[in-house]
Amino acid sequence: MSTTISQNIFAYKFKAFYELTKFRLSSTVVFSGAFGFIIASDKIDWSKLVLFCIAAFSTTAAANIINQIIEKDLDKLMNRTHKRPLPSGRLSVQEAAIFGWIMAIIAMYILFYEFNVRAGLLALLSMILYGFVYTPLKRVGPIAVAVGALPGAFPPMIGWVAAVNHFGLEPGILFAIQFFWQFPHFWAIAWVLDVDYAKAGFKLLPSSGGQNLNSAIQIMIYTLFLLPLCWIPHYLGMTGVNSAVIATICGVLFLAQTFHLMRKVDRKAALQLMFGSFIYLPVVQIAYLLDKV
């Protein structure tokens with residue numbers, strides 16, 4: 001009987017810690033970081049790639065845990081977050097903090113000692129910006145999205161730097177593509193969840209009027225930047241022309257969704273844009289990988 005109870009408690013806690021990492025979100029970050037690592041590598045060292053993925057996941061998990069500790073009381077107010085481990089009481093702040101420290105230590109050890117100082121410092125900066133700067137700014141205004149887009153765009157750049165230990169135009173353009181992608185991505189999510197976000201005092205849409213034409217226009221403008229940016233990897237000799245064409249097609253389709261939002265100015269159009277944003281980035285990154293020069 002006691003063994004069964006112990007097993008149940010372990011499973012209960014394990015599930016809570018698993019949820020605390022935001023596994024699906026963290027996995028997308030790992031993919032983006034691995035993309036940067038692979039595209040920078042002349043020859044892929046698979047053992048190093050696995051190590052990097054562990055570090056990328058641990059970094060993201062640690063940042064997510066910081067975010068959830070700070071927002072635990074606000075998460076109780078929103079429908080989408082009130083069942084998370086901290087607001088639901090399935091984990092204590094102390095348990096979450098200890099787990100967060102473990103994730104951060106694993107990430108920093110791997111990046112600093114198995115890779116290089118540059119990659120480690122970028123990951124540390126990313127964690128600090130997301131956890132301690134972006135998180136409190138969410139109640140201040142849409143400046144939070146610009147700040148959050150910085151650590152959100154770091155993964156491919158960190159992957160590149162981890163692989164070759166230097167900066168340059170190449171990791172810069174990978175950063176830029178992901179940076180500008182995040183504005184329509186975040187704002188589409190903010191539009192869909194605007195009512196829920198308002199319960200916690202989050203102000204993320206670019207217009208003070210919230211779900212209006214002005215917000216939709218600003219979403220469209222930031223999406224426009226992706227069209228010229230998608231050709232630069234080809235011009236830098238990182239990828240072939242095929243991936244640039246694919247990225248352009250994806251960018252045009254993505255932009256068309258923003259025009260649809262401008263016409264409709266409703267939640268359904270924002271939801272379609274949100275799903276489109278989730279598809280755009282991995283498709284473009286896979287195209288670049290398959291067309292790597």
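In this text the structure is predicted, and so the values were computed from the model without any measurement.

K.L.:
Please set out helix 5 (residues 93–115) residue by residue, giving values where relevant.
P.N.:
Between the first and last C-alpha of helix 5 there are 32 Å, a value that for 23 residues agrees with the 33 Å anticipated at 1.5 Å per step. Looking only at helix 5, the buried set comprises Ala 96, Phe 99, Gly 100, Met 103, Ala 104, Ala 107, Met 108, Ile 110, Leu 111 and Phe 115.

K.L.:
Kindly report on the side chain of Ser 243, identifying the contributing residues and their values.
P.N.:
Following the sequence through the fold, Ser 243 ends up in helix 13 (residues 241–264). Residue class for Ser 243 comes out buried when judged on its relative accessible area of 1%. A polar atom in the side chain of Ser 243 sits 3.1 Å from the backbone oxygen of Gly 240. Ignoring anything within four residues of it in the chain, the contact list for Ser 243 reads Ala 287, Tyr 288 and Asp 291.

K.L.:
Go over empty space enclosed by the protein, please, and point to the residues and values.
P.N.:
Taken as a whole and assessed by the stated rule, the structure comprises one cavity of 30 Å³ or more. In this structure, the largest cavity spans a volume of roughly 40 Å³. Residue lining of the largest cavity: Phe 35, Pro 156, Leu 174, Ile 177, Gln 178, Leu 281, Gln 285 and Tyr 288, and that is the complete set. Residue composition of the lining of the largest cavity, grouped by class: six nonpolar, two polar and no charged.

K.L.:
Describe the environment of Tyr 130, with residues and values.
P.N.:
In this structure, Tyr 130 sits in helix 6 (residues 117–137). Counting along the chain gives 67 residues from Tyr 130 to Tyr 197, while the straight-line C-alpha distance between them is 18 Å. Dropping the residues within four chain positions of it, Tyr 130 is found in contact with Ala 63, Asn 64, Asn 67, Thr 135 and Pro 151.

K.L.:
Talk me through unusual backbone geometry; I want residue IDs and the actual numbers.
P.N.:
Positive phi, close to 50°, is recorded for Lys 22, a residue that is not glycine. Among the structural elements, Lys 22 can be located in the loop between helix 1 (2–20) and helix 2 (23–40). The backbone of Val 265 sits at a positive phi, close to 50°, despite the residue not being glycine. In this fold, Val 265 is placed in the loop between helix 13 and helix 14 (267–290).

K.L.:
Now, about the pattern of salt bridges: what can you tell me, with residues and values included?
P.N.:
Considering all chains together, one arrives at nine salt bridges under this definition. Residues Glu 95 and Lys 13 are paired through a salt bridge, measuring 3.1 Å at the closest nitrogen-oxygen approach. Highlighted residues: Glu 95 in helix 5 and Lys 13 in helix 1, separated in sequence by 82 residues. Classification of Glu 95 by relative accessible area gives partly exposed; the value is 27%. In this structure, Asp 73 and Lys 76 form a salt bridge, with 3.8 Å as the shortest nitrogen-oxygen distance. Three or more residues are tied together by salt bridges with common partners; here these are Lys 15, Glu 19 and Arg 90.

K.L.:
Residues and numbers for the nonpolar core, please.
P.N.:
Membership of the largest hydrophobic core comes to 89 residues, with the highest contact counts inside it found for Phe 52, Leu 111, Tyr 197, Leu 261, Tyr 280 and Tyr 288. For Tyr 288, the contacting residues outside a window of four places in its chain are Phe 35, Ile 39, Ile 177, Cys 230, Pro 233, Thr 239, Ser 243 and Ala 247.

K.L.:
Explain the layout of surface pockets to me, and be specific about the residues and the numbers.
P.N.:
Of the volumes computed, that of the second largest pocket is approximately 260 Å³. In this structure, the second largest pocket is lined by 16 residues; those nearest its centre are Ile 66, Trp 101, Ala 104, Met 127 and Phe 132. Among the elements of the structure, helix 3 (46–70), helix 5 and helix 6 are those that each provide at least two residues to the lining of the second largest pocket. If one sorts the elements of the lining of the second largest pocket by residue count, helix 5 sits on top with seven residues.

K.L.:
Quick rundown of the packing of helix 13 against helix 14? Include the residues and the values.
P.N.:
One can describe the packing of helix 13 onto helix 14 by two numbers: an axis separation of 10 Å at closest approach and a directional angle of 170°. Accordingly, the angle class assigned to the pair helix 13 and helix 14 is roughly antiparallel. Of helix 14, the residues touching helix 13 (which contributes Ser 243, Ile 246, Ala 247, Cys 250, Gly 251, Phe 254, Gln 257, Thr 258, His 260, Leu 261 and Lys 264) are Ala 269, Ala 270, Gln 272, Leu 273, Gly 276, Ser 277, Tyr 280, Val 283, Val 284, Ala 287 and Tyr 288. Its residues assigned to classes, the contact of helix 13 with helix 14 shows 13 nonpolar, eight polar and one charged.

K.L.:
With reference to specific residues and values, describe the environment of Lys 22.
P.N.:
Overall, the relative accessible area of 17% leaves Lys 22 in the buried class. Note: C-alpha distance between Lys 22 and Lys 268 (246 residues apart in sequence) is 25 Å. Residues contacting Lys 22, with those up to four places away along its chain left out, are Asn 64, Asn 67, Gln 68 and Arg 84.

K.L.:
Break down the packing of aromatic side chains for me, citing the residues and quoting the values.
P.N.:
Within the structure shown, the criterion is met by 23 aromatic pairs. With 6.4 Å between their ring centres and 35° between their planes, Phe 180 and Tyr 222 make a pair best called tilted. Here Phe 180, found in helix 8 (residues 169–192), pairs with Tyr 222, found in helix 10 (residues 213–224); they are 42 residues apart in sequence, far enough to count as distant. The class of Tyr 222 is partly exposed, set by a relative accessible area of 26%. Aromatic ring contacts, followed pair by pair, group Phe 154, Phe 175, Phe 179, Phe 180, Phe 183, Trp 187, Tyr 222 and Phe 225 into a single cluster. For Lys 48, the ring lying beneath its charged end belongs to Phe 115, and the centroid distance is 5.0 Å. Lys 138 extends its terminal NZ or CZ atom over the ring of Phe 202, reaching a point 4.5 Å from the ring centre.

Each value, and the rule that gives it
- Residues numbered from 1 in each chain as written.
- Predicted model: local features only at pLDDT ≥ 70, side-chain atom pairs only at ≥ 80, totals over all residues.
- Heavy atoms only, no water.
- Helix = DSSP H or I, 4+ residues; strand = E, 2+ residues; numbered from the N terminus.
- Expected span 1.5 Å × (residues − 1).
- Buried < 20%, exposed > 50% of the residue type's maximum accessible area, 1.4 Å probe, protein only.
- Polar contact = N/O pair within 3.5 Å; in protein donor to acceptor, adjacent residues only side chain to side chain.
- Contact = heavy atoms within 4.5 Å.
- 1 Å grid on protein atoms, 1.4 Å probe; cavity = no way out; pocket = protein on both sides within 12 Å on 5 of 7 lines; lining within 4 Å.
- Points joined across faces, edges and corners; volume = space filled by probe spheres on them.
- Nonpolar A, V, L, I, M, F, W, Y, C, P; charged D, E, K, R; others polar.
- Salt bridge = Lys/Arg side-chain N within 4 Å of Asp/Glu carboxyl O.
- Core = buried A, V, L, I, M, F, W, Y, C linked by side-chain atoms within 4.5 Å.
- Axes fitted to C-alpha atoms, helices over the stretch in contact; angles between N-to-C directions.
- Parallel < 35°, antiparallel > 145°, perpendicular 65-115°, else oblique.
- Phe/Tyr/Trp six-rings, centres within 6.5 Å; stacked < 30°, edge-to-face > 60°.
- Lys NZ or Arg CZ within 6 Å of the ring centre and 35° of its normal.

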